Amino acid sequence: MSGVFVVATGSPSQAAVSCSGTVTYSATYGPGELTIFYNTSNGGTNSACFYHKGAAYGVAAPTYVRAYRCTERSGEGQPCTVAASSSEDLGNYAYYAGPRGVTGTANNCVAAVGYIDWQGSRYLISSGRQGC
């Protein structure tokens, strides 16, 4: 999967978020799917959710997701320099982790990372810059 995150200092930017809105990115790897959503509230709000798919659907497993607002305004798929990040969501979930989101994204790229630990393997998806 593409995308490397270079974490820069910045305060978390939390928002009332949901696993709904316009899908701006979706990728499936093994039993997991990372999806990024966008809506226009709060100067642009992006939310990320990591879903269980196939045999993992409905089965509790360690699942993680986190969303980022990048400093960059272009360069789809490239690494993200983090301007702000959501809190992480990590738990033993049966259906999905999230939502986690950031605001003020209307003029910036966003990124997300998520994974599921399933049957002895970690299935990680890193979006790289999206929505730019």
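Above: the structure in question.
Residues numbered from 1 in each chain as written. Predicted model: local features only at pLDDT ≥ 70, side-chain atom pairs only at ≥ 80, totals over all residues. Heavy atoms only, no water.

### Quick look at the pairing of strand S9 (residues 110-118)
In step 1: Among the nine residues that make up S9, eight are buried, leaving the element largely enclosed by the rest of the structure.
In step 2: Judged from the seven bridges that link them, strand S5 (residues 61-70) and S9 form a sheet pairing that is antiparallel. Looking across to S9, one finds that Tyr-68 is bridged to Ala-111.
In step 3: The antiparallel pairing of S9 with strand S10 (residues 121-126) creates a hairpin that spans two residues between the two strands, and Gln-119 there sits at a positive phi of about 50 degrees. (Buried < 20%, exposed > 50% of the residue type's maximum accessible area, 1.4 Å probe, protein only. Helix = DSSP H or I, 4+ residues; strand = E, 2+ residues; numbered from the N terminus. Pairing = 2+ DSSP bridges.)

### Let's talk about the sheet that holds strand S3 (residues 32-39)
Either a parallel or an antiparallel arrangement is found when strands of a sheet pair, and the pairing is made through backbone hydrogen bonds.
In step 1: As summarised here, the arrangement of the four strands in space is S2-S3-S4-S8, forming an open sheet in which the pairing is antiparallel. The open sheet has two edge strands with one neighbour each: strand S2 (22-29) and strand S8 (96-103). Strand after strand, the sheet turns through a mean of 15 degrees between neighbouring axes, direction not considered.
In step 2: Pairing of strand S4 (residues 45-52) with S8 involves six bridges; the strand directions are antiparallel. Looking at S8, one finds that Phe-50 is bridged to Ala-97. (Axes fitted to C-alpha atoms, helices over the stretch in contact; angles between N-to-C directions.)

### Some details on unusual backbone geometry
Apart from glycine, the bulk of residues carry a negative phi angle, and the bulk of peptide bonds sit in the trans form.
In step 1: Residue Gly-98 is joined to Pro-99 through a cis peptide bond whose omega torsion reads 5 degrees.
In step 2: Along the chain, Pro-99 turns up in strand S8.
In step 3: Of note, Asn-42 is a non-glycine position whose phi angle comes to about 55 degrees, a positive value.
In step 4: With respect to the helices, strands and loops of the structure, Asn-42 is situated in the loop between S3 and S4.

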